[in-house]
4 protein chains.
Amino acid sequence: MKALARRSLRQVIGVIGGSTIETPEISFVARQLGSLIIEEGYSIVCGGLGGVMEEVCKGAFKRREKLGSKNLGVIVGILPGTDPNEANPYLDIAIPTGIGQARNVIVVLAADAVVAVNGGSGTLSEMALGWQFHKPLIALKTTGGWAEQLANQALDNKRSDSIIGANTPKEVIQLLRKLL
Amino acid sequence: MKALARRSLRQVIGVIGGSTIETPEISFVARQLGSLIIEEGYSIVCGGLGGVMEEVCKGAFKRREKLGSKNLGVIVGILPGTDPNEANPYLDIAIPTGIGQARNVIVVLAADAVVAVNGGSGTLSEMALGWQFHKPLIALKTTGGWAEQLANQALDNKRSDSIIGANTPKEVIQLLRKLL
Amino acid sequence: MKALARRSLRQVIGVIGGSTIETPEISFVARQLGSLIIEEGYSIVCGGLGGVMEEVCKGAFKRREKLGSKNLGVIVGILPGTDPNEANPYLDIAIPTGIGQARNVIVVLAADAVVAVNGGSGTLSEMALGWQFHKPLIALKTTGGWAEQLANQALDNKRSDSIIGANTPKEVIQLLRKLL
Amino acid sequence: MKALARRSLRQVIGVIGGSTIETPEISFVARQLGSLIIEEGYSIVCGGLGGVMEEVCKGAFKRREKLGSKNLGVIVGILPGTDPNEANPYLDIAIPTGIGQARNVIVVLAADAVVAVNGGSGTLSEMALGWQFHKPLIALKTTGGWAEQLANQALDNKRSDSIIGANTPKEVIQLLRKLL
């Protein structure tokens, strides 16, 4: 399968988290996470807006600029509205969907694995949808919000695994290496 | 506003819950809930499939048959797939959407208030989406699952209220009378 | 199959057409169409807004009121936005979807057959989608717009039939009796 | 506006067309179109499957490989299903949406301008939706299908322009330079 072959070269990490930043630590962790994901050779998909989404993209974008390699992943935002200018400025491509919160489904479906950072009800819906679609889920358990609350928990008995709790972005990368 | 006037005559209750029934009690409670909602004059919207969804519709359908009145609400199922024959047999109208789990968004948007019964990850995503859309949420806290776990909790700080826990279908109706 | 059995008792006609009325004749034809569809025992699904959609619903609503029977179909609007108050006032149930024009897909999927009245680009997209989903399509060829332009045409060679042209709402009903 | 600034550096061309290739000429034209679009510095979005979609992506992919520059656009496929392996092998990123034909809306929304090649009912729905969203539309009028039939036509009177007919991929690029 050609498609599979190409996909395995460039896997996609979905990063989910709120559009507001609650503490400077969340901002720092999100940026570091983006930086490490892109350095590892993955592409990134997120909801494309501000807050955690923007910090992750910024970290990835800046790191890729520094590394200067053309062989790194792309940064994609799946927007709820119809206007590409809603997007944060660190995306390679903005996908306005016009389907509102239903775009949460696409953010998790487009990912080979999903990482949650902090997060309110929107992030919670994405964690639940990622679980339904049998996506590997990692939660940064030091960031508060639903990521912290659901780390190391199963969302129902349809899967035998759990949402994996990670303490640091580095640990996330180690987990992704094993999972993908 | 004519539209508003008509809507206030026939409000819509979204009922969310899993497609499998875990205990006979859940089945009984779901049927009773459907029966009381329709008797109260509301319409019902749900995901249209089996399990809790079917029991709620069955309770409503049978009760309406017994009451024999033409002035009662309609029973609507918002299906994930494209085939209306996926629907449980107690709907007045089946809406195949072809948008998969993204239809969860529509189930909660179509409702004036949402009631959760038991529920796994699919129900959890609907509770989270209902919260985001500022829908009043009631959880039957004796039915287990995410309904029980999230009763009396706030999903984030964007709303000042909580998911309201209810012990019985009768209590749900009393809450709906106050909320709507 | 219980579901099938019930569906055959109450089939759903999708009516598509623009949100503006170009001539008084279109308004008259749309109202008559709604009236005849509901009298025939079908349910109606449409995009839920004004213009042709509202006239069809109004015709159905008024006719049902006059007939006074409780054994008639329901009138359903699938709205693009999140606000039920966008709906025209002749619906039994308004389904706000929040998915914008993607709701066009649902309008045709929810129908057992689709009837086009006049119509611009939105109606054209629904005719094309209805064709893709192998829905029987009827176009009122005296109403102008895309209904007139595509009457008696095939949209591609994936189906061996055509969009059936009809001259009057009465002829539409005769066609529906044969098709469903 | 940072977002605008970045977007203007890398605009997105949506290419729409069927999943089957009717003649070798269509295949050739589609590949050439992809090649020229990517060379011009645009990103490409399409439905991500086979046929015209695959030929466009292949042309772009091969051309980018030859040019060897890291400063070229990305190739994105918006898939109808949930499985990334449905995608053709020339995408940088596959976005499985799970929303079926409703993804047609996203293909046109994600584009700054849309180019149609040949095409049946699926492509027709995308042309109609692109028109509704006020996207500039170009049709390769030598490729048959709906692209040929609707070249130089307006789909309704809500816009004062027309779908612009082009004879060759080169002419498409000249038009895009003017339009964007």
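Quick note: structure is the one above.
In this text the structure is predicted, and so the values were computed from the model without any measurement. (Residues numbered from 1 in each chain as written. Chains lettered and ligands numbered in written order. Predicted model: local features only at pLDDT ≥ 70, side-chain atom pairs only at ≥ 80, totals over all residues. Heavy atoms only, no water.)

**Side note on the packing of helix α5 (residues 121-132) of chain A against helix α5 (residues 121-132) of chain B**
Remark: α5(A) packs on α5(B), axes separated minimally by 8 Å, with the N-to-C direction vectors making an angle of 160°. Considering the angle they form, α5(A) stands roughly antiparallel to α5(B). Along this stretch, α5(A) crosses α5(B), giving a crossing that reads as left-handed. The residues of α5(B) that touch α5(A), namely those facing A:Ser121, A:Gly122, A:Leu124, A:Ser125, A:Ala128, A:Leu129, A:Trp131 and A:Gln132, are B:Ser121, B:Gly122, B:Leu124, B:Ser125, B:Ala128, B:Leu129, B:Trp131 and B:Gln132. Of the residues belonging to the contact of α5(A) with α5(B), the class tally is 8 nonpolar, 8 polar and no charged. (Axes fitted to C-alpha atoms, helices over the stretch in contact; angles between N-to-C directions. Helix = DSSP H or I, 4+ residues; strand = E, 2+ residues; numbered from the N terminus. Parallel < 35°, antiparallel > 145°, perpendicular 65-115°, else oblique. Left-handed = near helix turned anticlockwise from the far one by under 90°. Contact = heavy atoms within 4.5 Å. Nonpolar A, V, L, I, M, F, W, Y, C, P; charged D, E, K, R; others polar.)

**A closer look at the sheet that holds strand β5 (residues 113-117) of chain D**
Residue and element names in this part refer to chain D. Taking strand neighbours across the sheet as the criterion, the 7 strands line up as β4-β3-β2-β1-β5-β6-β7 in an open arrangement whose pairing is parallel. Both edges of this open sheet fall to β4 (93-96) and β7 (164-166), since each of them pairs with a single strand only. Neighbouring strand axes in the sheet, compared pairwise and without regard to direction, differ in orientation by 25° on average. Where strand β2 (residues 43-46) and strand β3 (residues 75-79) come together, 3 bridges link them in parallel fashion. Residue pairing across strands places Ile44 opposite Ile75, the latter belonging to β3. (Pairing = 2+ DSSP bridges.)

**A word on the environment of C:Ile99**
Checked against the element boundaries, C:Ile99 lands in the loop between β4 (93-96) and α4 (103-109). Spatially, the C-alpha atom of C:Ile99 lies 6.7 Å from that of C:Gly81, the residues being 18 residues apart in sequence. Leaving out residues up to four positions away in the same chain, C:Ile99 has contacts with A:Gly98, A:Ile99, A:Ala102, B:Ile99, B:Ile106, C:Pro80 and C:Ile106.

**Focus on the interface of chain C and chain A**
It is common to give the size of an interface as the accessible area that goes away when the parts come together. Across the boundary between the two partners, chain C contributes 4 residues, which contact 4 residues of chain A. Here chain C and chain A share an interface that buries about 190 Å² over both sides, 58% of which is from carbon and sulfur atoms. The largest share of the area that chain C buries against chain A comes from C:Gly98, C:Ile99 and C:Ala102, three residues that together contribute 94% of it. Our enumeration of links across chain C and chain A arrives at 0 salt bridges. Taken together, the links from chain C to chain A amount to 0 residue pairs in polar contact (both at pLDDT 80 or more). Here the side of chain C that touches chain A is composed, by residue class, of 2 nonpolar, 2 polar and no charged. (Buried area = accessible area lost by both parts, 1.4 Å probe. Salt bridge = Lys/Arg side-chain N within 4 Å of Asp/Glu carboxyl O. Polar contact = N/O pair within 3.5 Å; in protein donor to acceptor, adjacent residues only side chain to side chain.)

**Focus on the packing of aromatic side chains**
By the definition in use, this model includes 4 aromatic pairs over all chains. It is C:Arg159 that lies over the ring of C:Trp131; its NZ or CZ is 4.2 Å from the centre. (Phe/Tyr/Trp six-rings, centres within 6.5 Å; stacked < 30°, edge-to-face > 60°. Lys NZ or Arg CZ within 6 Å of the ring centre and 35° of its normal.)

**Regarding helix α5 (residues 121-132) of chain C**
Within an α-helix, residues lying three or four positions from one another point in the same direction, as the helix has 3.6 residues per turn. All names here are of chain C. In a regular helix each residue adds 1.5 Å, so 12 residues correspond to 16 Å; α5 covers 16 Å between its end C-alpha atoms and thus fits that length. Looking at α5, one finds that the buried residues are Ser121, Gly122, Thr123, Leu124, Ser125, Glu126, Met127, Ala128, Leu129, Gly130 and Trp131. Just downstream of α5 lies His134, where phi reads positive at about 60°. (Expected span 1.5 Å × (residues − 1). Buried < 20%, exposed > 50% of the residue type's maximum accessible area, 1.4 Å probe, protein only.)

**Some words on the sheet that holds strand β4 (residues 93-96) of chain A**
All names here are of chain A. With parallel pairing, the 7 strands of this open sheet are ordered in space as β4-β3-β2-β1-β5-β6-β7. Strand pairing shows two members of the sheet lacking a second neighbour, β4 and β7 (164-166), which therefore form its edges. Direction aside, the axes of adjacent strands within the sheet are offset by 25° on average. Of the strands in this sheet, β1 (12-17), β2 (43-46), β3 (75-79), β5 (113-117) and β6 (137-140) are in contact with helix α2 (residues 24-39), which crosses β2 at around 140°.

**So, the state of the cysteines**
Counted under the stated rule, the structure contains 0 disulfides over all chains. Here A:Cys57 is not cross-linked by a disulfide; its sulfur's nearest cysteine counterpart is in A:Cys46, at 3.5 Å. (Disulfide = S-S within 2.5 Å.)

**Some details on the pattern of salt bridges**
Across all of its chains, the model carries 24 salt bridges over all chains by this definition. One salt bridge connects B:Asp161 with B:Arg159, and the closest N-O pair in it is separated by 2.9 Å. Residue classification places B:Asp161 among the partly exposed positions, given a relative accessible area of 33%. The salt bridge partner of D:Glu39 is D:Arg63, with a shortest N-O separation of 2.8 Å. A residue pair is termed long-range when its members are at least 10 positions apart, and D:Glu39 in helix α2 (residues 24-39) and D:Arg63 in helix α3 (residues 52-67) qualify at 24 residues.

**Observations regarding the pairing of strand β6 (residues 137-140) of chain C**
Residues and elements named next belong to chain C. Neither face of β6 is left uncovered, since the one carrying Leu137 and Ala139 and the one carrying Ile138 and Leu140 both have all their residues buried. The sheet contact formed by strand β5 (residues 113-117) and β6 spans 4 bridges and is parallel. Each residue of the ladder has a partner; that of Ala116, found in β6, is Ala139. For the crossover that starts at β5, traverses α5 and ends in the parallel β6, the hand is right-handed. One ladder, built from 3 bridges, connects β6 with strand β7 (residues 164-166); its direction is parallel. Following the sheet pairing, Ala139 is matched in β7 by Gly165. At this point the chain moves from β6, through helix α6 (residues 145-150), to the parallel β7, and the crossover so formed is right-handed. (Right-handed = clockwise from strand over helix to strand, strands pointing away.)

**Focus: helix α3 (residues 52-67) of chain B**
Residues and elements named next belong to chain B. Here α3 spans 23 Å end to end across 16 residues, near enough to the 22 Å set by a 1.5 Å rise per residue. Buried within α3 are the following residues: Val52, Met53, Glu55, Val56, Cys57, Gly59, Ala60, Phe61 and Arg64. Looking one or two residues past α3, Gly68 carries a phi angle of roughly 70°, positive in sign.

**Structural notes on the relation of the copies chain C and chain A**
Its rotation angle being 180°, the transformation that places chain C on chain A also includes 0.0 Å of axial translation and leaves an RMSD of 0.0 Å. One copy is carried onto the other by what is essentially a two-fold rotation axis. If distances are taken from each C-alpha of chain C to the rotation axis, the shortest is found for C:Ile99, at 1.8 Å. (Least-squares fit on C-alpha atoms with pLDDT ≥ 70 in both.)

**Here we look at the environment of C:Val172**
Along the polypeptide, C:Val172 turns up in helix α7 (residues 169-179). Residues C:Val172 and C:Ile37, 135 residues apart in the sequence, show an inter-C-alpha distance of 8.9 Å.

**Remarks on the packing of helix α2 (residues 24-39) of chain B against helix α7 (residues 169-179) of chain B**
All names here are of chain B. Relative orientation of the contacting elements α2 and α7 amounts to 35°, with a least axis distance of 9 Å. The handedness of the crossing between α2 and α7 is right-handed. Judged by residue contacts, Val29, Gln32, Leu33, Leu36 and Ile37 of α2 engage Pro169, Lys170, Val172 and Ile173 from α7. Residues of the contact of α2 with α7, tallied by class, amount to 7 nonpolar, 1 polar and 1 charged.

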